[in-house]
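Residue-level structural notes
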Amino acid sequence: APVGSRTCPLPSSRTGPDGAAVRGAGARALPNWIPSCPVASVCRCGCCLRARFSHFDAGAVSLVGTATLAWCAEAFGIDGDRRRIRPNLVVATEEPFVEERWFEHRVRVGEVVLQGVKRIPRCRVINLAQDGVAATASFLKPLTAAREMNLGVYFDVVSPGRIAVGDSLALE
């Protein structure tokens, strides 16, 4: 459901990465904060994780592993900065693309339980300058050749709750 089409069960106040309190509708615009925010709440519909944009994602939460980003940096000669792909969650991993094998399981991060939906097909936006990352022309084409244009995984929320930096991830 798009933001505003239903009432999100979360409180209408959040603390951003700079420590400033944000109240009202802006408090629900968490995607830019989640990778650096020490605590984020996740509701079942995922509306708290969706920014107010004109597109919709195939899952409520996008996730990528650190080893996947490192592999991209090495294989494609790019910076591998998470901001290029704008994930909701970045998890510490030792094996590239291991997150793609978590579909068979439910995944618990903090209090939240997630279920894999699908790999995330990327578009030319990953080549554009954004959120402090310079433009590059060398990401989408090699990603398409090596990974069928997919990077990261969409998850739906099975059980809502809170996620904090440092929470462990467990397969159920």
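The structure displayed is predicted, hence computed values, not measured ones.

Bringing the overall build of the protein into the picture now. Looking only at helices and strands, one finds 2 helices and 10 strands in the protein. Listed N to C, the secondary structure of the protein is β-β-β-β-α-β-β-β-α-β-β-β in terms of helices and strands. Classification of the 172 residues of the protein by burial places 42% in the buried group. Counting contacts in the protein only where the partners sit at least 6 residues apart, residues at least 24 apart contribute 71% of the total. Put simply, the protein shows about 8,800 Å² of open surface, and 51% of that area lies on carbon and sulfur atoms.

Take the packing of aromatic side chains next. One pair of aromatic rings is described through two measures. These are the centre distance and the angle between the planes. According to the stated counting rule, one finds 3 aromatic pairs in the structure shown. Each ring, one from Trp-71 and one from Phe-97, has its centre 5.0 Å from the other, and the planes form 75°; the classification is edge-to-face. With a gap of 26 residues between them, Trp-71 in helix α1 (residues 66-76) and Phe-97 in the loop between β5 (89-91) and β6 (106-109) connect regions that are remote in the sequence. Residue classification places Trp-71 among the partly exposed positions, given a relative accessible area of 30%. Ring geometry for Phe-76 versus Phe-139: centroids 6.0 Å apart, planes at 50°, classification tilted. Linking Phe-76 in helix α1 with Phe-139 in the loop between β7 (112-121) and α2 (140-147), this pair joins segments that are 63 residues apart in sequence. Accessibility expressed as a relative area gives 12% for Phe-76, which makes it buried. Phe-139 gets classed as buried once you look at its relative accessible area, which sits at 3%.

Below, the discussion takes up the nonpolar core. The biggest cluster of nonpolar side chains holds 15 residues, and the ones touching the most others in it are Val-61, Trp-102, Leu-114 and Phe-155. For this core, the secondary-structure elements that each account for two or more residues are β4 (61-65), β5, β6, β7 and β8 (150-159). The element best represented in this core is β8, accounting for 3 residues.

Along α1, the residues classified as buried are Ala-67, Thr-68, Leu-69, Cys-72 and Phe-76. Next to the buried residues of α1 lie β4, β5, α2 and β8. Where α1 terminates, the next one or two residues include Gly-77, which has phi positive at roughly 65°.

Our next topic: the confidence of the model for the protein. For the protein, the average pLDDT comes to 74, and 66% of its residues sit at 70 or higher. The lowest-confidence element of the protein is strand β1 (residues 13-15), averaging 41 in pLDDT; the highest-confidence one is β6, averaging 94. Per-residue pLDDT stays below 50 along residues 1-40; that stretch engages in 72 contacts with residues further than four places along the chain or on separate chains.

Attention now goes to the sheet that holds β6. The strand order across the open sheet built from 6 strands is β5-β4-β8-β7-β6-β10, with neighbouring strands paired in mixed fashion. Both edges of this open sheet fall to β5 and β10 (169-171), since each of them pairs with a single strand only. Here the average twist between neighbouring strands, direction ignored, is 40°. Summarising the sheet, β4 and β8 pair through 3 bridges and their orientation is antiparallel. Along β8, the bridge assignment pairs Leu-63 with Val-153. Each of β4, β5 and β8 touches α1; the most contacted strand, β4, lies at about 65° to it.

With that settled, the discussion passes to α2. Turning to α2, its buried residues number three or more, namely Leu-140, Leu-143 and Arg-147. Down the axis of α2, the buried side of the element spans an arc of 65°, and every buried residue falls inside it. Residues Lys-141 and Ala-145 are exposed on α2 and point more than 90 degrees away from its buried face. Structurally, α2 contributes buried residues whose contacts are with α1, β7 and β8.

Cut-offs used in this document
- Residues numbered from 1 in each chain as written.
- Predicted model: local features only at pLDDT ≥ 70, side-chain atom pairs only at ≥ 80, totals over all residues.
- Heavy atoms only, no water.
- Helix = DSSP H or I, 4+ residues; strand = E, 2+ residues; numbered from the N terminus.
- Buried < 20%, exposed > 50% of the residue type's maximum accessible area, 1.4 Å probe, protein only.
- Contact = heavy atoms within 4.5 Å.
- Areas by Shrake-Rupley, 256 points an atom, 1.4 Å probe, with all protein chains shown as cover.
- Phe/Tyr/Trp six-rings, centres within 6.5 Å; stacked < 30°, edge-to-face > 60°.
- Core = buried A, V, L, I, M, F, W, Y, C linked by side-chain atoms within 4.5 Å.
- pLDDT = per-residue confidence, 0-100.
- Pairing = 2+ DSSP bridges.
- Axes fitted to C-alpha atoms, helices over the stretch in contact; angles between N-to-C directions.
- Arc of directions from axis to C-beta.

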